[in-house]
Amino acid sequence: MSEHVFQTESVYVDIPEQYIAVLTVDRPKALNALSTEVYRQMDKAINFIDEQPDIRCVIVTGGGNRAFVAGADIAEMSTMTPEQANYFGFYGNRVVRKLDQFHCPVIAAIHGFCLGGGLELALACELRVASKQSVFAKPEVTLGIMPGCGGTQRLPRTIGVNLAKEMIYTGMQVDTDYMEKHGLLNHVYEDQESMMEGAFDLARKIAKNAPLGVKHAKDSINVGMQIDIGNAIRFESNCFAQVFATEDQTIGMRNFLEKRGTRKNPTPKDPFIGK
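What counts as what
- Residues numbered from 1 in each chain as written.
- Predicted model: local features only at pLDDT ≥ 70, side-chain atom pairs only at ≥ 80, totals over all residues.
- Heavy atoms only, no water.
- Helix = DSSP H or I, 4+ residues; strand = E, 2+ residues; numbered from the N terminus.
- Buried < 20%, exposed > 50% of the residue type's maximum accessible area, 1.4 Å probe, protein only.
- Lys, Arg positive; Asp, Glu negative; His and termini not counted.
- Salt bridge = Lys/Arg side-chain N within 4 Å of Asp/Glu carboxyl O.
- Polar contact = N/O pair within 3.5 Å; in protein donor to acceptor, adjacent residues only side chain to side chain.
- Contact = heavy atoms within 4.5 Å.
- Pairing = 2+ DSSP bridges.
- Axes fitted to C-alpha atoms, helices over the stretch in contact; angles between N-to-C directions.
- pLDDT = per-residue confidence, 0-100.

Novice: Mind showing me how you'd approach the side chain of aspartate 248 here?
Specialist: Following the sequence through the fold, aspartate 248 ends up in helix H11 (residues 247–260). Buried charge without a salt bridge: aspartate 248, with arginine 56 as the nearest opposite-charge side chain at an N-O distance of 6.3 Å. Of note is the side chain of aspartate 248, whose polar atom sits 3.3 Å from the backbone nitrogen of leucine 212.

Laid out in structure tokens, this is it:
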């Protein structure tokens, strides 16, 4: 019987501690390359995590010790017709977009090669940590194609248009120092082990907070980044109002007041209960 809570041939999910799920792309011999079938398996894994009521943070990582994800499966792509390429891009984008729209924060834990579709996968995760041994690139133009799973859209929004154009137009490889300097990485660690420890530490800091407050904050940021500031602030105000209809708000503020001793009849601290 598998030790993983969910497992397919190339993807598995663990829930090693309360509130935190880890999704691993596990094709180490292929440097975790993304094929149509791997995207299908990721789709099922993401749906599985979404069905778990207590998950408050997800970590996405790659199997083995050489790559996060080294890109798309070139062997599969090499014989694609335009129609097949359109399906591959559409389906891959749909799966990856599930991560940036997921109900809770998603962290990319990066070690080794993070290239092409792998960088696009990491960009869909809103927080990113990496080991110093990681390498980043958008090499599609060196193969006669272009990014097709959000790279031309998410990379400029993350590191700025000029730097993104340079990476995409040249296919240049960059290291963690470059990516940290330009805002792609939240934290950099010495090696793979300390990087995973850092990813879990960040996940725990998120998971201890009110999940509905975090969810609405995520929605507010993501929607607000796509619209003008006036409508963004109105959307934020609406999200702010919605959290006052949750038990998380009642519990969180009650516990705060009890800690300060401003309530006459303290009650035992309740856990946050929202998904």
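Novice: Explanation requested: the pattern of salt bridges in the structure shown.
Specialist: Pairs can form between side chains of opposite charge whenever their charged atoms are close. Evaluation of the coordinates by the stated rule reveals 14 salt bridges. Residue aspartate 201 is joined to lysine 205 by a salt bridge in which the shortest nitrogen-to-oxygen separation is 3.4 Å. Residue aspartate 201 and its partner lysine 205 are located together in helix H8 (residues 192–207), separated by four residues, close to a single helical turn. Residues joined by salt bridges that share partners form a network here, namely Asp43, Arg94 and Lys98.

Novice: For this particular structure, what's the right way to read helix H5 (residues 151–159)?
Specialist: Since the α-helix advances by 3.6 residues per turn, residues separated by three or four positions end up pointing in the same direction. Those residues of H5 that sit buried are Gly151, Arg154, Leu155, Pro156 and Ile159. Buried residues along H5 sit against helix H3 (82–100), helix H4 (117–124) and helix H6 (161–170). Backbone geometry just after H5 places glycine 160 at a positive phi near 100 degrees.

Novice: Help me out: how do you make sense of the pairing of strand S6 (residues 106–110) in this one?
Specialist: For a regular strand, the rule is simple: side chains alternate between the two faces of the sheet. S6 sits mainly inside the fold: five of its five residues count as buried. Of the two faces of S6, both are covered, the one formed by Val106, Ala108 and Ile110 as well as the one formed by Ile107 and Ala109. Of the strand pairs in this sheet, strand S4 (residues 57–62) and S6 are connected by four bridges, and their pairing is parallel. From the neighbouring strand, isoleucine 59 faces S6, where its bridge partner is isoleucine 107. As paired elements, S6 and strand S8 (residues 127–131) share four bridges and run parallel to each other. Bridged to isoleucine 107 within S8 is leucine 127.

Novice: Explain unusual backbone geometry to me, please; I cannot follow it from the model alone.
Specialist: A negative phi holds for most residues other than glycine; trans holds for most peptide bonds. Phi angles above zero are rare outside glycine, and leucine 31 is one such case at about 55 degrees. With respect to the helices and strands, the residue leucine 31 is situated in the loop between strand S3 (20–25) and helix H1 (36–50). Residue asparagine 32 is not a glycine yet carries a positive backbone phi of 60 degrees. Examined against the element boundaries, asparagine 32 turns out to sit in the loop between S3 and H1. In this structure asparagine 32 comes out as buried when scored by relative accessible area, which is 0%.

Novice: Explain the environment of valine 22 here, please?
Specialist: Structurally, valine 22 is set in strand S3. Each C-alpha atom of the pair valine 22 and proline 82 lies 34 Å from the other, and the pair is 60 residues apart in sequence.

Novice: Whenever I open this one, the sheet that holds strand S9 (residues 135–137) confuses me. Can you help?
Specialist: Note on sheets: strands pair through backbone hydrogen bonds, and any given pair is parallel or antiparallel. Pairing within the open sheet is mixed, and its four strands lie in the order S5-S7-S9-S10. Where the open sheet ends on each side, the last strands, each with one partner, are strand S5 (67–69) and strand S10 (173–175). Direction aside, neighbouring strands of the sheet carry axes that sit 25 degrees apart on average. Both strand S7 (residues 113–115) and S9 contribute to a ladder of three bridges, which runs parallel. Bridged to cysteine 114 within S9 is phenylalanine 136. H4 rests against S5, S7 and S9 of the sheet, and its axis sits at about 90 degrees to S7.

Novice: What am I meant to see in the confidence of the model for the protein here?
Specialist: In regions of low pLDDT, the predicted coordinates are not meant to be interpreted in detail. Residues of the protein with pLDDT of at least 70 account for 94%, and the chain-wide mean is 94. Overall, residues 264–268 carries pLDDT values under 50, and its contacts beyond four positions in sequence, including any with other chains, amount to five contacts.

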